[in-house]
Amino acid sequence: MSALTVVLALLAALSNAAASVLQRRAAAQDADRAGAAHTVVRSLLRLARDRYWVGGAALLALTTVLQAAALAVGTLAVVQPLMASELLFTLMVGSVVFHRRPDSRTWLAFVALAVGLALFLGAAAPSAGHDTATSGRWGWAGLALFVVMTSLASAGNLVRGAPRAALFGSASAVGFGGTAALLKEVTGRFPQGAGAVLAQWPLYATAVVGVVSFLLLQSALRAGTLAASQPALTLGDALTSVALGSALFGEEIALGVRVLPELIGVALIGLGSVGLARAPSVHGAWDTTPAARDGPRPGLRSRRRGA
């Protein structure tokens, strides 16, 4: 594990967390103005003029660059545990942007999730594997990604509130996990030269899957609080990346004596998930706009009563 890989992965996690917070703020404002019934495309056309949303989009682009750089010098097995720190960065950045701290139960749940995920992935320690995927496996992996993402998004359309945010967050996570694997495929082909990389499909597949994942993320951010969508996003991304690392690049998960810390990590993830489901922040308003959270100002209430 090189220091450069650690720094790049942590910067990618911080950038991604800040992007989610800024775009959640913009999405909350947009929902207040336009209502939740508007489509994602119409919402994006309005949000493109919002400085918070634009800032978040720029940070998402920066995250892609930083993650690609981390994957170029390290493995999915190293990068993804470090990306779990995104959960804690989300709460820290969100506390600053929304001028309000989430409740202690949410903090404890996020810590348990982040520590559990990092412990599980760190103990599993998949081997480095190959720089590019085994021949013929991308077709099956692509089909699996499509089925899982479509199923989660379809289920999300059937519910509202926190469950909708979690399901769309999960669908987005699977997509971003696929994007990370495709990025690794692209960087693994760099030795072939720029011309060869530009002439092959992985670069363009990365762009398509990334855009679809981005749109699913926007739906998750509009549907509910970050406390519902961000854990699903981070956990799903990491676990999808590990599965794809094993299936495509031959990154084998360590067993034996490492099973115990792996099980402890899974237990922490379970406890964090249960704690988060019961946390007030999931159904509360710590990451909404002040007007929506606090209600109209007293003077405005008085004028409305007198009207």
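The residue numbers shown here count from 1 along each chain, following its written sequence. Only residues with pLDDT of 70 or above have their local features reported here, since the model is predicted, and side-chain atom pairs are shown and tallied only from 80 upward, although totals for entire chains, interfaces and linings are computed over all residues. Computation of side-chain values covers all heavy atoms of the structure but excludes hydrogens and water.

Draft legend 1. Up close: the pattern of salt bridges. Here, a salt bridge means any Lys or Arg side-chain nitrogen found within 4 Å of an Asp or Glu carboxyl oxygen. Inspection of every chain in the model, using the stated rule, returns 1 salt bridge. The salt bridge partner of R189 is E185, with a shortest N-O separation of 2.7 Å. Residue class for E185 comes out buried when judged on its relative accessible area of 1%. A simple rule labels every residue: compare its accessible area, found with a 1.4 Å probe on the protein chains alone, to the largest value its type can have, and call it buried under 20%, exposed over 50%, or partly exposed in between.

Draft legend 2. Local environment of empty space enclosed by the protein. With a 1 Å grid spanning the protein atoms alone, the term cavity applies to any set of points in which a 1.4 Å probe fits but cannot get out, the term pocket to an open set with protein on both sides within 12 Å along at least five of seven lines, and the term lining residue to any residue with an atom within 4 Å of a point. Grid points are joined across faces, edges and corners, and a volume is the space filled by probe spheres set on the points. Applying the stated criterion to the full structure yields 1 cavity of 30 Å³ or more. Of the pockets and cavities examined, the largest cavity occupies roughly 40 Å³. Taken together, Q80, M83, E86, T234, D237 and A238 make up the full set of residues lining the largest cavity. Put simply, DSSP marks the helices as runs of H or I at least four residues long and the strands as runs of E at least two long, and each gets a number from the N terminus on. Elements represented by at least two residues in the lining of the largest cavity include exactly helix 4 (76-83) and helix 11 (226-249). Here the lining of the largest cavity takes 3 residues from helix 11, the largest share from any one element.

Draft legend 3. View of helix 8 (residues 162-188). Multiplying 1.5 Å by the helix residue count minus one yields the expected span of that helix. Compared with the 39 Å implied by 1.5 Å per residue over 27 residues, the 38 Å span of helix 8 between its first and last C-alpha is a close match. Judged by how many residues are buried, helix 8 sits mostly within the fold: 22 of 27 residues are covered.

Draft legend 4. A look at the packing of helix 3 (residues 51-73) against helix 8. Orientation is described by lines fitted to C-alpha atoms, with helices fitted over the stretch in contact, and by angles between N-to-C directions that extend from 0 to 180 degrees. As a packed pair, helix 3 and helix 8 sit with axes 9 Å apart at the nearest point and diverge in direction by 55°. Judged on the interaxial angle alone, helix 8 and helix 3 are oblique. Considering how the two elements wind past one another, helix 3 and helix 8 form a crossing that is right-handed. Counting all contacts with helix 3, which are made through T64, Q67, A68, L71 and A72, the residues of helix 8 involved are A180, L183, K184 and T187. Tallied by class, the residues present in the contact of helix 3 with helix 8 amount to 5 nonpolar, 3 polar and 1 charged. Note that the term roughly parallel is reserved for angles under 35 degrees, roughly antiparallel for angles over 145, roughly perpendicular for angles of 65 to 115, and oblique for everything else. By convention, the crossing between two helices is left-handed when the near helix turns anticlockwise from the far helix through less than a right angle, and right-handed when the turn is clockwise. What makes two residues a contact is simply this: any of their non-hydrogen atoms within 4.5 Å. Residue type decides the class: Asp, Glu, Lys and Arg count as charged, Ala, Val, Leu, Ile, Met, Phe, Trp, Tyr, Cys and Pro as nonpolar, and the leftover types, Gly among them, as polar.

Draft legend 5. Inspection of the layout of surface pockets at higher detail. Computed from the structure, the largest pocket encloses a volume of approximately 380 Å³. Residue lining of the largest pocket: 19 residues in total, with L60, T64, F176, T179 and G210 positioned closest to the centre. Where the lining of the largest pocket is concerned, the elements lending two or more residues are helix 3, helix 8 and helix 10 (202-223). Residue classes in the lining of the largest pocket are distributed as 11 nonpolar, 7 polar and 1 charged.

Draft legend 6. Examining the nonpolar core more closely. W138, L248 and F249 are the most contacted members of the largest nonpolar core, which totals 33 residues. The element that contributes the greatest number of residues to this core is helix 8, accounting for 7 residues. Apart from the residues lying within four places of it in its own chain, the contact partners of L248 are T132, A133, T134, R137, W138, A141 and A181. Residues belong to one nonpolar core when they are buried, are Ala, Val, Leu, Ile, Met, Phe, Trp, Tyr or Cys, and are joined through side-chain atoms within 4.5 Å. If you look at the next biggest cluster of nonpolar residues, it comprises 17 residues, including W53, L60, F98 and L233.

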